[in-house]
Amino acid sequence: MGSELSIPELCAHFDSEELRRLGKRFKKIDLDGSGSLSIEEFLRLPELQQNPLVQRVIDIFDTDQNGEVDFKEFIQGMSQFSVRGDKEAKLRFAFRIYDMDKDGFISNGELFQVLKMMVGSNLKDAQLQQIVNKTIIFADKDGDGKISYAEFCDIVGSLDVHKKMTIDV
């Protein structure tokens, strides 16, 4: 797997009762008993069915990129949403939603793709592209045509986005 941390090391953000509940929830979602969650199993959760970014979240949770999320990846991913999780981890997770090719930058195309997932057909592509272009111009302080993690944090860090990225376990 991508991370060599053990389950106890990943659990710093969860107490034993929360970890027990997460384990129970994982087993409930793991319908085929394989020990890992597929996209189909994730989508059986009512709270995720309407989330347009569920595939991006799963891609980030799936650190070994095998197409499924095992329990260790599940705990590691969920820990980013703990009320005890730190602002940096939450901002890094939010950035990774947009950084689809994992190159450390959000390109014009990546921003368009993720925003398209969120707005669906509510905006015409030309309108959405205008929003993307203006966002890149506004956020891109060094003029390289893309948004770095630091530039992303400059924009969203003051919006308290990290405070909204919490779950009740």
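Our structure is the block above this text.
All figures in this text were calculated on a predicted structure; none of them were measured in a lab.

Can you walk me through the overall build of the protein in this structure?
On a plain count of helices and strands, the protein comes out with 11 helices and 4 strands. Across the 169 residues that make up the protein, the buried fraction comes to 41%. The long-range share in the protein, meaning contacts at least 24 apart out of those at least 6 apart in sequence, stands at 58%. When the accessible surface of the protein is split by element, carbon and sulfur atoms take 55% of a total near 9600 Å².

So what exactly am I meant to see when it comes to the packing of aromatic side chains here?
Where two aromatic rings form a pair, the distance of their centres and the angle of their planes describe that pair. Tallied over the full model, the rule gives 6 aromatic pairs. Centre to centre, the rings of Y98 and F152 are 6.2 Å apart; their planes meet at 50 degrees, and the pair counts as tilted. Of the two residues, Y98 is situated in helix α7 (residues 87–98) and F152 in helix α10 (residues 149–156); the sequence distance between them amounts to 54 residues. Here the aromatic residues F95, Y98, Y149 and F152 are joined through ring pairs into a cluster of three or more. Taking NZ or CZ as reference, R92 lies 3.5 Å from the ring centre of Y149, over its face. One Lys or Arg, K146, reaches over the ring of F105 and ends 4.3 Å from the middle of that ring.

For this particular structure, what's the right way to read the nonpolar core?
Soluble globular proteins tend to pack their nonpolar side chains together in the buried interior. Counting 39 residues, the largest nonpolar core has F42, F61, F74, I97, Y98 and F152 as the members making the most contacts within it. Looking at this core, the elements with two or more residues in it are α2 (16–29), α5 (54–61), α6 (71–79), α7, α8 (108–119), α9 (125–139) and α10. Per element, the largest residue contribution to this core is 6 residues, and it comes from α7. Taken domain by domain, this core gets at least three of its residues from each of domain 1 (15–80) and domain 2 (87–163).

I would appreciate a short explanation of α5 in the present structure.
Since there are 3.6 residues in each turn of an α-helix, residues three or four apart along the chain are aligned in direction. The element α5 is extensively covered by neighbouring structure, given that 6 of its 8 residues are classed as buried. Along α5, the residues that are buried comprise V54, R56, V57, I58, I60 and F61. Buried residues belonging to α5 abut α3 (39–42), α4 (46–49), β2 (69–70), α6, α7 and α8.

Looking at this structure, how should I read unusual backbone geometry?
Excluding glycine, most residues fall at negative phi; most peptide bonds, likewise, are trans. One non-glycine residue, Q65, adopts positive backbone phi at about 55 degrees. One can find Q65 in the loop between α5 and β2. Phi is positive for K102, close to 60 degrees, though the residue is something other than glycine. Summarising the element assignment, K102 is placed in the loop between α7 and β3 (105–106).

Is there a simple way to explain the environment of M100 in this structure?
Inspection of the secondary structure puts M100 in the loop between α7 and β3. According to the relative accessible area criterion, M100 is partly exposed, its value standing at 23%. Along the primary structure M100 and L111 are separated by 11 residues, whereas in three dimensions their C-alpha atoms are 9.0 Å apart. Look past the residues within four positions of M100 in its chain and what remains in contact with it is R56, E110, Q113, V114 and M117.

Here is what the cut-offs are and how they apply
- Residues numbered from 1 in each chain as written.
- Predicted model: local features only at pLDDT ≥ 70, side-chain atom pairs only at ≥ 80, totals over all residues.
- Heavy atoms only, no water.
- Helix = DSSP H or I, 4+ residues; strand = E, 2+ residues; numbered from the N terminus.
- Buried < 20%, exposed > 50% of the residue type's maximum accessible area, 1.4 Å probe, protein only.
- Contact = heavy atoms within 4.5 Å.
- Areas by Shrake-Rupley, 256 points an atom, 1.4 Å probe, with all protein chains shown as cover.
- Phe/Tyr/Trp six-rings, centres within 6.5 Å; stacked < 30°, edge-to-face > 60°.
- Lys NZ or Arg CZ within 6 Å of the ring centre and 35° of its normal.
- Core = buried A, V, L, I, M, F, W, Y, C linked by side-chain atoms within 4.5 Å.
- Domains from an automatic or database assignment.

Everything listed here is a matter of geometry and, on its own, says nothing about what the molecule does.
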